[in-house]
Every structure is written in C-alpha cells, then in structure tokens.
Amino acid sequence: MLKTFIVGLGRSGRGLHLPILRKLRQGAPAGGLFAPDDPLGFDPFASLDDIDLRGVTRVASLAAARAELDPDTTVVHLCTPPDSRAGTLLELAELGFRFFLLEKPMGTGSAVVEELRGIRDAYGLRLAVVAPWLHSTLTLRLVELVDAGELGELRSITVRQFKPRLTRTFATPSHPTAFDVEPPHSVGVALRLAGPGRVTGASWTDARTGRRVVRHMGSARLTIEHDGGVGTTITSDLTSPINERSIRLEFAAGTVTGHYPTSGMDSYAQLRTDVPGVGAGRELFHDEALTACVLQVYRDFATGADRRSDFELQAQVVALLTSAKDLCLAESQSPLSLRQEEVHHAG
C-alpha cells in the first residue's frame, strides 16, 4: 500500500489533492492501493497556522517527513509553484524519495523541464504530471471519435476556458502568466487528438481592476498548426464573468462540442454531435477526471508501468506554451506595442 506526502498546501495541495485522496482512501475502487494513514503535509512557503488542515498530518520539514516515511512506498505530491519546483524535487530526491506526482504545469518554461528531466534521470525517479483532462471521460470519447473516423477527417479544434479568477490572481502570485493556469489542460488534449504541432500565434492581456494590475494574468490565446494539418485555437479568460470549459471539433462530416465540468460542484460532462442531414444528439455522463488521474498514477507506480511517454507529452505542452509566451514578449517589445503602451499611460 502506498502512503502520501503532499509538499505545498496551497490551493492545489489542500483544495484539490487532499479531498481526492480522502475519497480514494475511503472508496472501494482503490482496493488495497492506498495506505489508510492520513497524508503527511509540508508547505515551504507559509506557516498555515490559521488554515484548517484536517485530514493531513503536518511535518516541520522535508527531512522530518523522510524520518517517518519509506520512500519505496510513498508518493510525493509536489504542489509548489511551478517556477520553484526543480529545487524542491532535487532536495526530495536527495532524501531518497522516488515517486512524484507534479502539479501542472510541470514548469513555466522548457529550461525548467530540462532540469526536471535531468534530476529524474540522475536519481532514477518516477515522475507523473497532473493531467486530468487527459484522463477525462469526455476526452476519451473524443479520442474514440477521431480514431474511428466515422465523421471523416478532423479539421479544427477550438477550446474556450473561461474562469472568474480575479480574487486569487490579486491575492496569490502562484502563476506567472495566464498561459500557465488553464491552457496546460487543453494543449495536452489538442496534442493527444491531433498530434505534434507548432504555435503560429499568441496573445495575452493583463488582469486589471481600478488601479490594480497583474501583468499577463488576464487572458491568453494561442493557435497551433499541427503537423497533420489540423488547426487548434485555445482561448482562456481569467477575468470572465462566467465559467466555461468547452471544446469543439470540426470534422469533414460533422461537428462535436464537449463541455467539461467547470468545478467540483458538478462532475458531469456533456457531448453534442451535429451531423448535417442526420441531426443532433446530446449525451451527459459522469466525468471525475482528477480522481481518475490520481488513481491511475498510483496504479502505475504500484505496478511499475512506464510513464515516460506521458512525461514527454507534458514536456511538449510546456514547449508550446513557452513558444506562445515568447511570441507575446516579442510582440510587446515591438516599436508599435511600445508606442501604444506609452499612449495608454499618457491617457
């Protein structure tokens, strides 16, 4: 049976991973996979004295956790901010821990991914990345539709990720840009559905309200040209007044539109199929993607399954998002953009 050590007890570790682990430990589907003990937890960036942490046993340091845990039967959930993750991973590896589930994105740039890969190879680590959309029932249905070819050739993918997030954006600088919040989910799905590709366009906006501004954390948009000819457009807006996580696939003979669950309040996805001359159909089905993701990772660690292909897919995700951010930076430093910024501030 596998024990759990959560490093980083912020929104992801405390609000997402911990409830999922509690449910899996209490549920029948996990069988004897999970040890009954409460997870150990440590946060290197905050005292968390005033936060309710029931269901997790806090430790004072990484070394203190190592004194209580056997690295051969412990999964470390690394939920620290992505730009500081490599250093923490190295420290944990030096303490002997081997199994890691990294919160998405695995890094904020390709250089970080190379650091993680180097640490993995040097210490023989098993690394997995949180990728709930890739374990989603909806995504699996979309993969089946593409593979079956019943609607003809896939031509385009359009994703909308709208999420009201201003309170968290202004309170906690946990992500450097809007590209690092929601797009890691959808870029992975686009790669799974349409194969490798390159970024052909990108833009971002700031999060603004009154005099408060957080640079590059308003919205993010990118377009991908896949090697097989499919075009993907992903739009994420963290200042939106509505919640929406939708994906639209245009085929030669029809269109399918999927809606992922937008929060933990509801765990059902929807899929609509429109075929000219035939009609439309709508399905609703259960879709607890994060639960499925965590359960599969633990099963793979327990059985020794190879997860290197998943790591490389996530590396491609980071590479594409890095390209998108580089395009945005280049655009913001162009003479026209600099002039527009001067006019904005003068006004």
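Use the structure listed above.
In what follows, the accompanying structure is described. Worth saying up front: this structure is predicted, and the values here are computed from it rather than measured.

**Looking at the nonpolar core**
Counting 44 residues, the largest nonpolar core has Leu142, Ile157, Val187, Leu222, Ile247 and Leu249 as the members making the most contacts within it. If near-sequence neighbours (up to four positions away) are discounted, Leu222 is found in contact with Phe179, Val187, Val199, Gly201, Ala202, Thr232, Thr233, Ile234, Leu321 and Ala324.

**Examining the sheet that holds strand S11 (residues 244-251)**
What links the strands of a sheet is backbone hydrogen bonding, and the strands pair in either a parallel or an antiparallel sense. Spatially, S8-S9-S10-S7-S11-S12-S13-S14 is the arrangement adopted by the eight strands of the open sheet, whose pairing is mixed. Both outer strands of the open sheet, strand S8 (197-209) and strand S14 (279-286), are each paired with one neighbouring strand and no more. Strand-to-strand twist of the sheet, defined as the mean angle between neighbouring strand axes without regard to direction, takes the value 10 degrees. Judged from the five bridges that link them, strand S12 (residues 254-259) and strand S13 (residues 268-275) form a sheet pairing that is antiparallel. In the sheet register, Thr255 faces S13, and the bridge partner there is Asp274. Along the sheet face, helix H7 (residues 183-194) touches strand S7 (154-162), S8, strand S9 (212-226), strand S10 (231-237) and S11 and points at about 170 degrees away from the line of S7.

**Describing the packing of aromatic side chains**
This model, assessed by the stated rule, comprises five aromatic pairs. For the pair Phe5 and Phe97, a centre-to-centre distance of 5.9 Å together with 40 degrees between the ring planes defines the contact as tilted. One end of the pair, Phe5, is in strand S1 (residues 3-7); the other, Phe97, is in the loop between helix H3 (85-94) and strand S5 (99-102), and 92 residues separate them in sequence. Assigned by exposure class, Phe5 and Phe97 land together as buried. Ring centres 4.5 Å apart and planes at 35 degrees place the aromatic pair Phe34 and Tyr298 in the tilted group. Placement of Phe34 in the loop between helix H1 (11-26) and strand S2 (40-42) and of Tyr298 in helix H8 (residues 289-303) is noted, with a sequence separation of 264 residues between them. As far as burial versus exposure is concerned, Phe34 and Tyr298 are alike and both buried. Positioned above the aromatic ring of Phe311, the side-chain terminus of Arg120 is 4.6 Å from the ring centre. Directly above the ring of Phe285 sits Arg141, whose terminal nitrogen or CZ lies 5.1 Å from the centroid.

**Quick word on the pairing of S10**
Here S10 shows a clear split, with Thr232, Ile234 and Ser236 buried on one side and none of Gly231, Thr233, Thr235 and Asp237 buried on the other. Relative to S10, S7 is paired through seven bridges, and the arrangement is parallel. Bridged to Gln161 within S10 is Ser236.

**Regarding the pattern of salt bridges**
According to the stated counting rule, one finds 19 salt bridges in the structure shown. With a closest N to O distance of 2.8 Å, Lys325 and Asp180 form a salt bridge. Of this pair, Lys325 sits in helix H9 (residues 308-332) while Asp180 is found in the loop between helix H6 (166-171) and H7, placing the two residues 145 residues apart along the sequence. Considered together, Lys325 and Asp180 belong to a single accessibility category, that of buried residues.

**Considering unusual backbone geometry**
A cis geometry characterises the amide bond from Lys104 onward to Pro105, with omega recorded as -15 degrees. Tracing the backbone through its elements, the reader meets Pro105 in the loop between S5 and helix H4 (110-123). Positive phi, normally seen in glycine, also occurs at His216, with a value near 65 degrees. Among the secondary structure elements, His216 is positioned in strand S9.

**Observations concerning the state of the cysteines**
Enumeration over the complete set of coordinates arrives at zero disulfides. Not engaged in a disulfide, the cysteine Cys293 finds its nearest cysteine sulfur in Cys79; these two sulfurs lie 11 Å apart.

**Quick notes on H3**
The set of residues buried in H3 consists of Arg85, Ala86, Thr88, Leu89, Leu92 and Ala93. Along H3, the residues classed as buried sweep out an arc of 165 degrees about the axis, all on the same side. For H3, the secondary structure elements touched by its buried residues are S1, helix H2 (62-68), strand S4 (74-78), S5, H4 and strand S6 (126-129). A positive backbone phi angle near 110 degrees is found at Gly96, which sits one or two residues after H3.

**Describing the pairing of S8**
Walk down a regular strand and you will see the side chains alternate between the two sheet faces. With 11 bridges connecting them, S8 and S9 associate as antiparallel partners. Following the sheet pairing, Trp204 is matched in S9 by Ala220. The turn joining S8 and S9, which pair antiparallel and follow one another in sequence, is formed by two residues; a positive phi near 60 degrees is taken by Gly210.

**Considerations on the sheet that holds S5**
An order of S3-S2-S1-S4-S5-S6 is seen for the six strands of this open sheet, with the pairing classed as parallel. If you trace the sheet from one side to the other, it starts and ends with strand S3 (57-58) and S6, each paired once. Where S1 and S2 come together, three bridges link them in parallel fashion. Looking across to S2, one finds that Val7 is bridged to Phe42. Sheet strands in contact with H8 are S1, S4, S5 and S6, and its direction is about 165 degrees off that of S6.

**Observations regarding the packing of H1 against H8**
With their axes 10 Å apart at the nearest point, H1 and H8 run at an angle of 70 degrees to one another. Taken as axis vectors, H1 and H8 run roughly perpendicular relative to one another. Judged by the twist between their axes, the crossing of H1 over H8 is right-handed. For the pair H1 and H8, the contacting residues are Leu16, Ile20, Leu21, Lys23 and Leu24 in the first and Leu290, Thr291, Val294, Leu295 and Tyr298 in the second. Looking at the contact of H1 with H8, its residues break down into eight nonpolar, one polar and one charged.

Rules of the game
Residues numbered from 1 in each chain as written. Predicted model: local features only at pLDDT ≥ 70, side-chain atom pairs only at ≥ 80, totals over all residues. Heavy atoms only, no water. Core = buried A, V, L, I, M, F, W, Y, C linked by side-chain atoms within 4.5 Å. Buried < 20%, exposed > 50% of the residue type's maximum accessible area, 1.4 Å probe, protein only. Contact = heavy atoms within 4.5 Å. Pairing = 2+ DSSP bridges. Helix = DSSP H or I, 4+ residues; strand = E, 2+ residues; numbered from the N terminus. Axes fitted to C-alpha atoms, helices over the stretch in contact; angles between N-to-C directions. Phe/Tyr/Trp six-rings, centres within 6.5 Å; stacked < 30°, edge-to-face > 60°. Lys NZ or Arg CZ within 6 Å of the ring centre and 35° of its normal. Salt bridge = Lys/Arg side-chain N within 4 Å of Asp/Glu carboxyl O. Disulfide = S-S within 2.5 Å. Arc of directions from axis to C-beta. Parallel < 35°, antiparallel > 145°, perpendicular 65-115°, else oblique. Left-handed = near helix turned anticlockwise from the far one by under 90°. Nonpolar A, V, L, I, M, F, W, Y, C, P; charged D, E, K, R; others polar.

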